[in-house]
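Coordinate analysis (summary)
Residue strings, one per chain:
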Amino acid sequence: MKKIEETNQEQIIQKIAKCNEGKNLQYSILTMGCQLNENDSEKLSGMIEKMHYTKTEDLKKANLIVFNTCCVRENAEDRLFGKLGEVKKYKQEKGTIIAIGGCMMQEKHIVEKLKESYPFFDIVFGTHTLHKFPEDLYKLLQNRKQIEDILDIDGEVIEGLPIKRNDSVKASVTIMNGCNNFCSYCIVPYVRGRERSRKPKDIIEEIRQLAKQGYKEIMLLGQNVNSYLRVEKEKNIPFEEYQGIHSFATLLRAVNQIEQIQRIRFISPHPKDFTDDVIEAIRDCDKVCKLVHLPLQSGNSKVLKQMNRKYTKEQFLALVEKMKKEIPNLTLSTDIIVGFPGETPEEFEDTLDVVRKVNFEQVYMFIYSRRVGTPADKMENQIPEEEKHKRFDMLKQLVEMQIAKQNKEYVGTTQKVLIEGKSKTNEDLYTGRTDSNKVVVLEAEDSLIGQVVPVKIVSEHMWYLKGERK
Ligand code: 5AD
Ligand code: SF4
C-alpha cells in the first residue's frame, strides 16, 4: 500500500493550487451512488479543495463539475445522462471543466456512449485511478485535450488522500475495496475489482484521528466487510497484524477501544461470512450498534442459488435466530431484489414470508435491473417490468405495515439518541438517531450535537419519531 506522499500527486496539487490562487474558482460534485461512492467523493473534494476550488451547489457557478457515478442499477445511468444534457450549456457558455468518474466509467460500453453522445466531457476516470485526479486535471489544464484515465486491473490502495468530510459527527471509513462474490445480478465485482483489505494500522490510525477531531460515529465500509483480511489469509499475502487485528471481528473489538468514539456501524456484510466470532464481537462491544444490516436479496432457495448467494432460505433464517439469541436487542435491516430472472410468483412469496418472519427494522427494496456483462443479464426468463413493479408494490406494502407497527412500539420508550445537528426542515428542532438508526426529531441545543442523550419517544410518524429529552 502506497502513501499519497510516495506518488507525485501532492506536488501536482501544490502546482495547481498556486496557479488557482486568488481566482475564486468553484467546483460542484455530484455523487450518484452508495456510501463507498460518497466516501470517494469526500476524497475527491479533499484534493479539489486543496487545489483552491471552493464548493458550490449551483452548477451554473461552478468552474469544475465532477460526476461520481454508480452503475449498480439502470436509473443511475439515466440520471447521469440527464445531468450531462444540463451541464452542456454551461460548458458552452463559460468553459466549465466536466469530469466524470466512478464505477460507471469502468464499463466500456458507457465510455463509448459518452464519446458518441456527450463528447464535450474533459476527463473520465475510473475507480482505480481516483487518486490521480490532480494529475489528470493538470494535464488537461496544460494541453486542453480530452483525458481518459481508466485502469482495468485493480489499482493500488493509496493511503492518506486529503479528505473533506460531509458531516461533523459521523464519518465513514473504507476498510476494504472490491468484491469476490460475483452474485449473478451484480456489476460491482467487475467495476471495483477483487477484494483488497486496508492495513489494520492504517484503519486504526484514521479512526483515532477522527476521534481527535470530534467524530462520534464510525461507519466501516466495504462491499463485503465481514470478509475483511480473508483473501490475504487464504492467499498467504503477508499483512502486519496491529493490536491483535487479523479479521473483521478483531477489528470491531479494536475500534471499540478507541475512547471518544461512541458508535460503530458497518455495511455491508454477507450472510455467508457471518461467523460466530463476528456475532460475539457485536454482542461484546458496547459501541457496536445492535442494528445489523443483513442483505437477504431473495427469500427463495432456488432464486438464491441462481443469484449465487451461497445460502438457502433456511440457512438465512437459522442465522437470524442465532444472532437474535446471542445479541440482546438486535434489530436487522436488509436489501431485497424483486423480479430476478425466473422468479415465479410462488418463489416471490418466500421473500414475503422471510420479511414477515424476521420483521426487519428497515428494508431497502430494489427492482431487478439488467446489468451488461453479468450472468443474470444473459438468463432467458426475464420478468416483465409490469410484473416486477407489481411485486415491488406488494413488498413495499408489507414493509410499510411492519414499520408502522414497530414505530408504535417505540412510543413511550426511552432511547439513547446521538444528536446529529439541526433539522433541515425546521430551524427550531434537532435530529438524531437511535442505536437502531431511527431518525428522532426533538428540541435540543447546539452544545448537545455529537452527544448521546436519553430521549423519550412521544409520537411516531412513518419515517421519523418525535422525542423529548429526559
Ligand atoms: N438490480 C437491482 N438491485 C441490485 N443490487 C445490486 N445489483 C442489483 C441489480 N442488478 C442491490 C442489491 C445490493 C444493493 C446494494 O443493490 O440488493 O445489496
Ligand atoms: Fe454485489 Fe454480491 Fe459483491 Fe454485494 S456481495 S457487491 S451484491 S457481488
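All figures in this text were calculated on a predicted structure; none of them were measured in a lab.

When helices and strands are counted, the chain shows 14 helices and 21 strands. Whereas a compact globule of 470 residues would reach a radius of gyration of roughly 23 Å, the chain reaches 23 Å, a difference of no more than 12%. Oriented by its inertia axes, the alpha-carbon framework of the chain measures out at about 60 × 60 × 50 Å. Restricting the contact set of the chain to residue pairs at least 6 apart, pairs at least 24 apart contribute 75%. Counting every atom, the chain has about 21500 Å² of accessible surface; 48% of that belongs to carbon and sulfur.

Turning to the domain arrangement of the chain, a few remarks are in order. As a measure of interface size, the accessible area lost when the parts come together is often cited. Entries for the chain in the domain assignment read domain 1 (2-149), domain 2 (167-289), domain 3 (318-409) and domain 4 (414-469). A separation of 36 Å is found between the C-alpha centroids of domain 1 and domain 4.

On to the environment of Ser333. Note that Ser333 resides in strand E15 (residues 331-338). Leaving out residues up to four positions away in the same chain, Ser333 has contacts with Leu291, Val292, His293, Leu294, Phe360 and Gln362.

Looking at ligand 1, the residues that line it are Val72, Arg73, Tyr185, Gln297, Asp335, Ile337, Phe366, Ile367, Tyr368, Ser369 and Arg371. Note that a nitrogen atom of ligand 1 is positioned 3.0 Å from one of the backbone N or O atoms of Tyr185. Gln297 places a polar side-chain atom, nitrogen or oxygen, 2.7 Å from an oxygen atom of ligand 1. Computed on the free molecule, ligand 1 has an accessible area of 400 Å², of which 85% lies beneath the protein chains in the complex. If you list the elements that add at least two residues to the shell around ligand 1, you get E15 and strand E16 (362-367). Per-class residue counts for the shell around ligand 1 are six nonpolar, two polar and three charged.

On to the pattern of salt bridges, then. As a working rule, side chains carrying opposite charge can pair if their charged atoms are close by. Overall, the coordinates contain 38 salt bridges when judged by the stated rule. For Asp350, the salt bridge identified is with Lys313, shortest N-O distance 3.0 Å. Residue Asp350 is located in helix H13 (residues 345-358), and its partner Lys313 is located in helix H12 (residues 313-326); the two are separated by 37 residues in the primary sequence. For Asp350, a relative accessible area of 22% translates into the label partly exposed.

On to the side chain of His293, then. In this fold, His293 is placed in strand E14 (residues 291-293). Within polar-contact distance, the side chain of His293 engages the side chain of Ser333 at 2.8 Å. Within the structure, His293 has its side chain in polar contact with the side chain of Asp335 (distance 3.1 Å). Setting aside chain neighbours within four positions, we find His293 in contact with Ile267, Ser268, Pro269, Ser333, Thr334, Asp335 and Tyr364.

This part takes up the sheet that holds E15. In spatial order, the strands read E14-E15-E16; together these three strands make up an open sheet with parallel pairing. The strands lining the two open edges of the sheet, one partner per strand, are E14 and E16. Adjacent strand axes in the sheet meet at a mean angle of 15 degrees, parallel and antiparallel pairs treated alike. As defined by bridge partners, E15 adjoins E16 across six bridges and the pair is classed as parallel. In the sheet register, Ile336 faces E16, and the bridge partner there is Met365.

The six strands are arranged E3-E2-E4-E5-E6-E7 in an open sheet whose pairing can be described as parallel. A single partner strand is all that each edge strand has here, and the edge strands are strand E3 (53-55) and strand E7 (147-149). This sheet shows a mean twist of 20 degrees between the axes of neighbouring strands, independent of strand direction. Alignment of strand E6 (residues 123-125) against E7, held across three bridges, turns out to be parallel.

Between two aromatic rings, the relevant description is the distance of the centres plus the angle of the planes. Enumeration according to the criterion identifies eight aromatic pairs in this entry. Look at Phe125 and Phe133: their rings are 5.3 Å apart centre to centre, the planes differ by 55 degrees, and that puts the pair in the tilted class. Given a relative accessible area of 0%, Phe125 falls into the buried group. Owing to a relative accessible area of 0%, Phe133 belongs among the buried residues under this scheme. Relative to Phe266, the ring of Phe248 has its centre 5.1 Å away and its plane inclined at 75 degrees; by these criteria the two rings are edge-to-face. Placement of Phe248 in helix H9 (residues 248-256) and of Phe266 in strand E13 (residues 263-267) is noted, with a sequence separation of 18 residues between them. Phe266 matches Phe248 in its accessibility class, with the two residues each being buried. Through pairs of rings, three or more aromatic residues link up here, namely Phe81, Tyr118 and Phe120. Over the face of the ring belonging to Phe81 we find Lys113, whose NZ or CZ atom lies 4.3 Å from the ring centre.

Rules of the game
Residues numbered from 1 in each chain as written. Chains lettered and ligands numbered in written order. Predicted model: local features only at pLDDT ≥ 70, side-chain atom pairs only at ≥ 80, totals over all residues. Heavy atoms only, no water. Helix = DSSP H or I, 4+ residues; strand = E, 2+ residues; numbered from the N terminus. Rg over C-alpha atoms; globule rule 2.2 N^0.38 Å. Contact = heavy atoms within 4.5 Å. Areas by Shrake-Rupley, 256 points an atom, 1.4 Å probe, with all protein chains shown as cover. Domains from an automatic or database assignment. Near = heavy atom within 4 Å. Polar contact = N/O pair within 3.5 Å; in protein donor to acceptor, adjacent residues only side chain to side chain. Nonpolar A, V, L, I, M, F, W, Y, C, P; charged D, E, K, R; others polar. Salt bridge = Lys/Arg side-chain N within 4 Å of Asp/Glu carboxyl O. Buried < 20%, exposed > 50% of the residue type's maximum accessible area, 1.4 Å probe, protein only. Pairing = 2+ DSSP bridges. Axes fitted to C-alpha atoms, helices over the stretch in contact; angles between N-to-C directions. Phe/Tyr/Trp six-rings, centres within 6.5 Å; stacked < 30°, edge-to-face > 60°. Lys NZ or Arg CZ within 6 Å of the ring centre and 35° of its normal.

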